[in-house]
Amino acid sequence: MRAVIVGGGIGGLCAAVALHRAGWDVTVLERAPRFAAVGAGLTLMANALAGLDALGLGAEVRAQGRIEAPGGTRTPDGRWLARIDAAELEAALGTGALGIHRATLHRVLLAALPAAVLVTDAAVSAVTPSGVTSSAGTFEADLVVGADGIDSTVRRQLWPSAAAPEYVGTTAWRGVTDEPWRGVATVAITWGRGTEFGIVPLGDGRVYWFAAANAPEGTRAADEKAAVRAVVGDWHDPVPDLLDATTTVLHHDLRHLPAPLPTYVHGRVALLGDAAHAMTPNLGQGAAQAIEDAVVLGDACRPGRPVAEALADYDARRRPRSQAVARASYRVGRYGQQLTQPLLVAARNAAIRLTPPRLALRSMARYADWRP
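Fair warning: this is a prediction, and the values are worked out from it, not measured in the lab.

**Observations concerning the overall build of the chain**
Here is step 1 of the chain: Within the chain, the secondary structure is distributed over 13 helices and 19 strands.
Here is step 2 of the chain: Here the chain has a C-alpha radius of gyration of 20 Å; the compact-globule value for 372 residues is 21 Å, and the two agree.
Here is step 3 of the chain: Each principal axis of the C-alpha atoms in the chain carries an extent, and together these give about 60 × 45 × 40 Å.
Here is step 4 of the chain: Within the chain, the fraction of its 372 residues that count as buried is 53%.
Here is step 5 of the chain: Long-range contacts, defined as pairs at least 24 residues apart, comprise 74% of the intrachain contacts of the chain with a sequence gap of at least 6.
Here is step 6 of the chain: Surface accessibility of the chain: about 15900 Å² in total, with carbon and sulfur atoms responsible for 53%.
Here is step 7 of the chain: Distance from the positive charge centre (37 side chains) to the negative charge centre (35 side chains) of the chain: 4 Å.

Structure (structure tokens):
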């Protein structure tokens, strides 16, 4: 049985590992000319780590990352609104959150696959339930997986009535310090008025940070680091020092799929990850949901099972949960980072301060407590 996966990101490579382990002959088509170290950091919550464990890669990923409990939420002057206890988080979910560079996770996934599986410089031009045509050739398939991101070619061609990705009103910057960080950097999110800054220590000693602000779509600056300074440069330590220690700053507008798809399956084609349910990053669940998708797809497509039955199972198991997480992530952004009216910001901060830590932990566990 042959599977062709369109897209060599985290979701696509996890799907390749899952299907390869299930006995499929797998080909991954990646439009980039080579698999390169790209992106910044990310946080893997307990559900993502459980998925990687199911793929046989959890131990290697943990060895490359850094496990810490999220420190909580702060205000721009450094005051803590809420803190999460590391021991309680681990007791509830079995693990803390893991900070890892996206490129490091990518390398672990690539190493788990035979080199022949990966085809680069393969821009896809046509998709049917029986195969894929690309700049690297035509590939017949018993199963096609669209893991090609928010602007998915697979989704556009086979789900033509699906809503196009939509800007959510927030632009975001991401960076990783050039060198291992010698200061104190606690996992935390700081919320201002229509602004946000997050800190995640990584396994190699460096620190991943992200910033966000309400802005018109397409807003760009000649000096992106200066643009970040204009938003958060006078915030609490170590925010200014983290910016000083970073050379490369990535800038992207945040988009999502505004309307949930009625199905992730079209014939023998399945959508996965951002192609199926692109969400805002406010819950830190984008990569985790793609990993969950991949694990469930590999489990559903077990040897000897008809593809149609397997994909119906995959859709039934993944669509309700992933779409619920996407809705929740959007709401968190709306009532968190995007608030600008002073009275609403004050009310939000008061609500966070008054929420018992265990209740906040249960809210977090609602999305991260998943097992294959």
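**Things to note about the sheet that holds strand β7 (residues 97–101)**
Here is step 1 of the chain: The three strands are arranged β3-β7-β4 in an open sheet whose pairing can be described as antiparallel. The sheet is open, and its two edges are formed by β3 (41–44) and β4 (66–68), each paired on a single side. The sheet shows a mean angle of 30° between the axes of neighbouring strands, taken without regard to direction.
Here is step 2 of the chain: Pairing analysis gives four bridges linking β3 to β7, with the strands arranged antiparallel.

**Here's the deal with the side chain of His251**
Here is step 1 of the chain: Mapped onto the elements of the fold, His251 is located in strand β17 (residues 249–256).
Here is step 2 of the chain: At 2.5 Å, the side chain of His251 and the side chain of Thr171 are in polar contact.
Here is step 3 of the chain: Polar contacts involving the side chain of His251 include one to the side chain of Glu224, which spans 2.9 Å.
Here is step 4 of the chain: Those residues within four positions of His251 in sequence are excluded, and the remaining contacts are Thr171, Ala172, Trp173, Thr219, Arg220 and Glu224.

**Thoughts on the sheet that holds strand β12 (residues 143–146)**
Here is step 1 of the chain: Spatial strand order, β8-β2-β1-β12-β19-β18: six strands in an open sheet with mixed pairing. With partners counted over all chains shown, the strands left at the sheet margins are β8 (118–119) and β18 (265–266), one partner each.
Here is step 2 of the chain: Where β12 meets strand β19 (residues 269–271), three bridges bridge the pair, whose relative direction is parallel. Across the sheet, residue Val144 finds its bridge partner in β19, namely Val269.

**Observations concerning helix α12 (residues 342–354)**
Here is step 1 of the chain: The terminal C-alpha atoms of α12 lie 18 Å apart, and with 13 residues this matches the ideal 18 Å at 1.5 Å per residue to within 8%.
Here is step 2 of the chain: All of the buried residues in α12 are Val345, Arg348, Asn349 and Ile352. Down the axis of α12, the smallest arc covering the buried residues is 95°, so these residues share one side. Residues of α12 that are exposed and point over 90 degrees away from its buried face: Leu343 and Leu354.
Here is step 3 of the chain: If you follow the buried residues of α12, they end up packed against β5 (72–74), β6 (80–83), β14 (188–191) and α11 (307–335).

**Examining the layout of surface pockets**
Here is step 1 of the chain: There is about 200 Å³ of room inside the second largest pocket.
Here is step 2 of the chain: Around the second largest pocket sit 15 residues that line it, and Leu257, Pro258, Pro260, Ala326 and Arg327 are the ones nearest its centre.
Here is step 3 of the chain: Elements supplying a minimum of two residues to the lining of the second largest pocket: α9 (274–277) and α11.
Here is step 4 of the chain: Ranked by the residues each element gives to the lining of the second largest pocket, the list is headed by α11, at four residues.
Here is step 5 of the chain: Residue composition of the lining of the second largest pocket, grouped by class: 11 nonpolar, three polar and one charged.

Calculation rules
Residues numbered from 1 in each chain as written. Predicted model: local features only at pLDDT ≥ 70, side-chain atom pairs only at ≥ 80, totals over all residues. Heavy atoms only, no water. Helix = DSSP H or I, 4+ residues; strand = E, 2+ residues; numbered from the N terminus. Rg over C-alpha atoms; globule rule 2.2 N^0.38 Å. Buried < 20%, exposed > 50% of the residue type's maximum accessible area, 1.4 Å probe, protein only. Contact = heavy atoms within 4.5 Å. Areas by Shrake-Rupley, 256 points an atom, 1.4 Å probe, with all protein chains shown as cover. Lys, Arg positive; Asp, Glu negative; His and termini not counted. Charge placed at Lys NZ, Arg CZ, Asp CG, Glu CD. Pairing = 2+ DSSP bridges. Axes fitted to C-alpha atoms, helices over the stretch in contact; angles between N-to-C directions. Polar contact = N/O pair within 3.5 Å; in protein donor to acceptor, adjacent residues only side chain to side chain. Expected span 1.5 Å × (residues − 1). Arc of directions from axis to C-beta. 1 Å grid on protein atoms, 1.4 Å probe; cavity = no way out; pocket = protein on both sides within 12 Å on 5 of 7 lines; lining within 4 Å. Points joined across faces, edges and corners; volume = space filled by probe spheres on them. Nonpolar A, V, L, I, M, F, W, Y, C, P; charged D, E, K, R; others polar.

By themselves these figures say nothing about function.
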